[in-house]
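The residues making up each chain are set out below.
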Amino acid sequence: MASLSQARRLVVKIGSALLVDRVGGGLRQDWLSGLALDVAMLKAAGTDVVLVSSGSIALGRGVLGLGYGALALEQSQAAAAVGQIRLARAYEEVLQPHGIITAQVLVTLEDSADRRRYLNSRATLAQLLSLGVVPIVNENDTIATDEIRFGDNDRLAAQVAVTVGADQLVLLSDVDGLYTANPQIDPGARRLDQVAAITPEIEAMAGDAGSGLSKGGMKTKVMAAKTATGAGCAMAITEGSRDRPLSALAAGAPATWFLAENDPKAARKRWITAMKPQGAVTVDGGAERALGRGKSLLPAGIVRVEGRFGRGDPVAIQNVSGRRLGIGLTRYTYDEAVLLQGRRSGDIESILGYPGRAAFIHRDDMVL
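Residues numbered from 1 in each chain as written. Predicted model: local features only at pLDDT ≥ 70, side-chain atom pairs only at ≥ 80, totals over all residues. Heavy atoms only, no water.

1. Here we look at the nonpolar core
The condition that has to hold: In plain words, nonpolar cores are sets of buried Ala, Val, Leu, Ile, Met, Phe, Trp, Tyr and Cys residues tied together by side-chain atoms within 4.5 Å. The rule is simple: take the accessible area with a 1.4 Å probe, protein chains only, and divide by the maximum for that residue type; under 20% is buried, over 50% is exposed, in between is partly exposed. Where helices and strands are cited, they refer to DSSP runs of H or I of at least four residues and of E of at least two residues respectively, numbered from the N terminus.
Core analysis: the biggest nonpolar cluster contains 35 residues, and Ile14, Leu35, Leu51, Tyr91 and Leu172 have the highest contact counts within it. Sorting elements by how many residues they give to this core places helix H2 (residues 29–44) first, with seven residues. Leu171, Ala206, Met218 and Ala228 belong to the second-largest nonpolar core, a separate cluster that totals 34 residues.

Here you go:
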């Protein structure tokens, strides 16, 4: 059985119905303070934490007096613009007393579909986590329209988990797991404590019913589980409205755990290995030895560039004898690579005219 205590990097999805009072439209402050205690507990144990939080529209509509019910697109975007400020401030205020710095990260579906934007998001989140920051991620509802929306934060949370290489994802929900049937209708329905594989039978158990302020139903949660577990991230669905829901989950509260198919690093390495190189870089002996010690590939170690590739494309890495050493995702385009080959990382800005990343291929984006 998976356990929250095993998490090295955890993504937690928080829905509007948990965070915002349905009647008054204000924050459930006591609940949020309890969640902050849980985050502080996890951070103290050495776990990286990312929060994927709904709530901006629900908070903003209350401030603007838009009431409960369907909103026009322009009203939703206006409510999000007002609510995002309050949502970010709320997290900052409850986590700051625990010595935790927060950051707001707003994304859209386009940011994960576009290679350049995806790599930028991944690099930013990785840097924030390395600095001990807790990123607060939300869909950018101020600009997102239907064609560029995730549409629900269950799938957004799964994509974020894949992006940051999380090994666990927790969806705080209005139910305590996946049931064999709708427990509100079928008294014989039973909760599944563990799902080893998402089969057609498991998918058939998922319904579409969501609750009041949230858009996701069980079907979106199972879809999120497919994304997460395929990338090596275990996922739990648990009831989130109780005080300190993550502590409760760690103590064995009812939940459904979807088991990961493998670990996140292994899944990513397999994904990179399966790619077709769009070009090749030849490295000198010093760079070859550095790669063998687990280092990143720097521009200074490159002696030749071949092919036509863009940023984020897979390129083969070979030595001066032509022997292939591995494959990796480049952080520069072909034209930039030609200019940078053999040059020191400290010269990148003067050569390109803008700051760049020190590594041409980072060790996390490389398989040797």
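2. With respect to the pattern of salt bridges
Note the threshold: Each salt bridge in this description consists of a side-chain nitrogen of Lys or Arg and a carboxyl oxygen of Asp or Glu lying within 4 Å of one another.
Using the criterion set out here, one finds 13 salt bridges in the structure. With a closest N to O distance of 2.9 Å, Arg244 and Asp38 form a salt bridge. Of this pair, Arg244 sits in the loop between strand E7 (234–239) and helix H10 (245–250) while Asp38 sits in helix H2, and the two are 206 residues apart along the sequence. Judged by its relative accessible area of 31%, Arg244 is partly exposed. Take Asp38: its relative accessible area is 0%, and that puts it in the buried class. The salt bridge partner of Glu306 is Arg304, with a shortest N-O separation of 3.5 Å. Taking the relative accessible area as the measure of exposure, Glu306 reaches 33% and is therefore partly exposed. A relative accessible area of 41% means that Arg304 is categorised as partly exposed. What you see here is one network of salt bridges that share partners, running through Lys13, Asp154 and Lys221.

3. Examining the packing of H2 against helix H4 (residues 73–95)
Stated formally: Angular values range over 0 to 180 degrees, each being the angle between N-to-C directions of two axes fitted as lines to C-alpha atoms, with helices fitted over their stretch in contact. An angle below 35 degrees is treated as roughly parallel, one above 145 as roughly antiparallel, one from 65 to 115 as roughly perpendicular, and anything else as oblique. By definition, turning the near helix anticlockwise from the far helix through less than a right angle yields a left-handed crossing, and turning it clockwise yields a right-handed one. Contact criterion: two residues are considered in contact whenever any of their non-hydrogen atoms come within 4.5 Å of each other. Only Asp, Glu, Lys and Arg are considered charged in this grouping, and only Ala, Val, Leu, Ile, Met, Phe, Trp, Tyr, Cys and Pro are considered nonpolar; every other residue, Gly among them, is considered polar.
Relative to each other, H2 and H4 sit at 55°, their axes nearing to 9 Å. In terms of their interaxial angle, H2 and H4 are classed as oblique. The two elements H2 and H4 meet at a crossing, and its hand is right-handed. For the pair H2 and H4, the contacting residues are Gln29, Leu32, Ser33, Leu35, Ala36 and Val39 in the first and Ala90, Tyr91, Val94 and Leu95 in the second. Looking at the contact of H2 with H4, its residues break down into eight nonpolar, two polar and no charged.

4. Side note on the sheet that holds strand E11 (residues 314–319)
Formally: Note on pairing: two strands pair once DSSP finds at least 2 bridges between them.
A sheet is described by the order of its strands in space; here five strands give the open sequence E10-E9-E11-E12-E13, paired in mixed fashion. Across the chains shown, the open sheet's two edge strands, defined by having one partner strand only, are strand E10 (302–307) and strand E13 (366–367). Sheet analysis places strand E9 (residues 279–283) next to E10, joined by five bridges and oriented antiparallel. Bridge pairing in E10 places Val281 opposite Val305. Packed on one face of the sheet, helix H12 (residues 285–292) meets E9, E11, strand E12 (324–329) and E13 and runs near 100° to E9.

5. Some points on the side chain of Asn153
Operational definition: Within 3.5 Å is the distance limit for a polar contact, defined as a pair of N or O atoms, with the added protein rule that one can donate a hydrogen and the other accept it, and that residues adjacent in sequence qualify only through two side-chain atoms.
Positionally, Asn153 belongs in helix H7 (residues 153–164). A distance of 2.7 Å separates a polar atom in the side chain of Asn153 from a polar atom in the side chain of Ser54. Contact partners of Asn153, with chain neighbours within four places excluded, come to Lys13, Val52, Ser53, Ser54, Asn138 and Glu139.

6. Description of helix H6 (residues 115–130)
Operational definition: What a helix should span is 1.5 Å times the count of its residues minus one.
Counted at 1.5 Å a residue, the expected span for H6 with its 16 residues is 22 Å, and the 22 Å between its end C-alpha atoms agrees. Every buried residue belonging to H6 is among Tyr118, Leu119, Arg122, Leu125, Leu128 and Leu129, and all of these are buried. Downstream of H6 by one or two residues, Gly132 has phi in the positive range, about 85°.

7. Re the sheet that holds strand E2 (residues 48–53)
The pairing of strands in a sheet comes from backbone hydrogen bonds and takes either a parallel or an antiparallel form. Here we have eight strands laid out as an open sheet, ordered E3-E4-E2-E1-E5-E7-E8-E6, and mixed in their pairing. At either end of the open sheet lies a strand with only one pairing partner, and these are strand E3 (102–107) and strand E6 (194–195). Pairing geometry for E3 and strand E4 (residues 134–139), over six bridges, is parallel. In the sheet register, Leu106 faces E4, and the bridge partner there is Asn138. Sitting on the sheet, H7 touches strand E1 (9–14), E2, E3, E4 and strand E5 (168–173), and the angle it makes with E1 is about 165°.

8. Structural notes on the packing of H7 against helix H9 (residues 218–230)
When two helices pack together, you describe them by how their axes are tilted relative to each other and by the distance separating the axes. Two numbers describe how H7 lies on H9: the axes approach to 8 Å, and their chain directions differ by 10°. Considering the angle they form, H7 stands roughly parallel to H9. Contacts between H7 and H9 pair Asp154, Arg155, Ala158 and Val162 from the former with Thr220, Lys221, Met223, Ala224, Thr227 and Ala228 from the latter.

9. Points about the pairing of E2
The buried fraction of E2 is high, at six of six residues. Both faces of E2 are covered, namely the face carrying Asp48, Val50 and Val52 and the face carrying Val49, Leu51 and Ser53. Note that E1 and E2 share six bridges and pair parallel. Across the sheet, Val11 pairs through a bridge with Val50, a residue of E2.

10. Thoughts on H12
The cut-off we apply is this: Relevant arc is that of directions from the helix axis to the C-beta atoms, nothing else.
Residues Ala287, Ala290 and Leu291 constitute the buried set of H12. Along the axis of H12, the buried positions cluster into a sector of 100°, meaning they face one direction only. Turned more than 90 degrees away from the buried face of H12, the exposed residues are Arg289 and Gly292. Buried residues belonging to H12 abut E9, E11, E12 and E13. Sitting at the head of H12, Asp284 places a side-chain oxygen 3.3 Å from the backbone nitrogen of Gly286.

These results come straight from atomic positions and should not be treated as a statement about function.
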